[in-house]
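So the chains spell out like this:
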Amino acid sequence: ARVAVLISGRGSNMAALVYAAKALDCPFEIVLVASNDPEAAGLELARAEGIPTFAHSHKGLKRAEFDAILDAQIRGAGAQFVALAGYMRLLSPEFVTGWADKMLNIHPSLLPKYKGLHTHERALEAGDSHGGCSVHIVTAELDDGPVLGQTEVAILPDDTPDTLAARVLIAEHQLYSRTLADYVRRN
Ligand code: GRF
């Protein structure tokens, strides 16, 4: 299956998907990495791996306008699925509808807990025993939609939001690769 990955920054989850796709039995390939921030660090890695990239700032464009540009690029690349990986822009309803059941996102919490930002801080403040990450189907609501997979990560007594985030990130990389592979096999 042909997958486009949308990023806004570091792109470590995108990198995990790119490396997972190198395995002979992986059912997906990354055909495009697109970013709404031309400075996103992940773009450089994608280019170095020989993956086509598209970078265009959303600034000065209406959300639906920008998303239409993005959509044209993704479809032009022949993508059948979209994987959001640290993509920090809300998507327009048109875009979400156009990729219904074909677009996944990774979120650094055990959904439905802690949608939005500062998930690790909130888990620590709540005194939770575990943080974690979730991969879900993207629907119109932020960080909503059916959860396809989760990994729990134990919280340690000395954890800070940063140390917890670093450990959850390791789990994210594995969960996303595995869940995306399962999903494209079934859909
Ligand atoms: C990850 O924690 C992801 O779950 C969240 O944003 C972060 C992106 O990191 N949505 P990276 O760009 O994949 O390294």
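Residues numbered from 1 in each chain as written. Predicted model: local features only at pLDDT ≥ 70, side-chain atom pairs only at ≥ 80, totals over all residues.

## Quick look at the overall build of the protein
Here comes step 1: Scanning the protein for helices and strands turns up 6 helices and 7 strands.
Here comes step 2: When the helices and strands of the protein are placed in sequence order, the string is β-α-β-α-β-α-β-α-β-α-β-β-α.
Here comes step 3: Relative to the globule expectation of 16 Å for 187 residues, the C-alpha radius of gyration of the protein, 16 Å, shows essentially globular dimensions.
Here comes step 4: Seen through its C-alpha atoms, the protein measures out along the principal axes to roughly 50 × 40 × 30 Å.
Here comes step 5: Across the protein, contacts joining residues at least 24 apart in sequence account for 68% of those joining residues at least 6 apart. (Helix = DSSP H or I, 4+ residues; strand = E, 2+ residues; numbered from the N terminus. Rg over C-alpha atoms; globule rule 2.2 N^0.38 Å. Contact = placed C-beta atoms within 7 Å.)

## As for the environment of glutamine 80
Here comes step 1: Considering the arrangement of structural elements, one finds glutamine 80 in the loop between helix H3 (63-76) and strand E4 (81-84).
Here comes step 2: The exposure class of glutamine 80 is partly exposed, given the 16 C-beta atoms found within 10 Å.
Here comes step 3: Remark: the alpha-carbon pair of glutamine 80 and alanine 4, spanning 76 residues in sequence, is separated by 7.9 Å.
Here comes step 4: Aside from chain neighbours lying at most four places away, what touches glutamine 80 is Ala1, Arg2 and Lys102. (Buried ≥ 20, exposed ≤ 12 C-beta atoms within 10 Å, placed from the backbone.)

## Topic: the UniProt feature "domain: Formyl transferase N-terminal" (unreviewed entry) in the protein
Here comes step 1: Under the present numbering, the feature "domain: Formyl transferase N-terminal" (unreviewed entry) in UniProt falls on residues 2-180.
Here comes step 2: Segment residues 2-180 splits into 36% helix and 23% strand. End C-alpha atoms: 11 Å apart. (UniProt positions renumbered as here; feature names shortened; annotations may be inferred.)

## So, the nonpolar core
Here comes step 1: In terms of nonpolar packing, the biggest core is built from 50 residues, with Ala4, Val5, Leu17, Val82, Ala83 and Ala85 touching the most fellow members.
Here comes step 2: Considering each element in turn, this core owes the most residues, 7 residues, to helix H6 (residues 161-186). (Core = buried A, V, L, I, M, F, W, Y, C linked by C-beta atoms within 7 Å.)

## Details of the pairing of strand E5 (residues 103-107)
Here comes step 1: The element E5 is extensively covered by neighbouring structure, given that 5 of its 5 residues are classed as buried.
Here comes step 2: Pairing analysis gives 3 bridges linking E4 to E5, with the strands arranged parallel. In the strand pairing of E5, leucine 84 is matched with asparagine 105.
Here comes step 3: Bridge count for E5 against strand E6 (residues 130-137) is 4 bridges, and the pairing is antiparallel. Paired with histidine 107 across the strands is serine 134, a residue of E6. (Pairing = 2+ DSSP bridges.)

## Observations concerning the site of the ligand
Here comes step 1: The immediate surroundings of the ligand are formed by 13 residues, with Arg10, Ser12, Asn13, Gly86 and Pro108 found nearest.
Here comes step 2: When the residues that make up the shell around the ligand are grouped by side-chain class, the tally is 5 nonpolar, 6 polar and 2 charged. (Near = placed C-beta within 6 Å. Nonpolar A, V, L, I, M, F, W, Y, C, P; charged D, E, K, R; others polar.)

## Concerning unusual backbone geometry
Here comes step 1: Between leucine 111 and the following residue, proline 112, the backbone shows a cis peptide bond with an omega angle of 10°.
Here comes step 2: One can find proline 112 in the loop between E5 and helix H5 (119-125).
Here comes step 3: One non-glycine residue, aspartate 101, adopts positive backbone phi at about 65°.
Here comes step 4: According to the C-beta neighbour criterion, aspartate 101 is partly exposed, with 13 such atoms within 10 Å.
Here comes step 5: The backbone of aspartate 143 sits at a positive phi, close to 55°, despite the residue not being glycine.
Here comes step 6: Along the chain, aspartate 143 falls in the loop between E6 and strand E7 (147-154).
Here comes step 7: For aspartate 143, a count of 19 C-beta atoms within 10 Å gives the class partly exposed.

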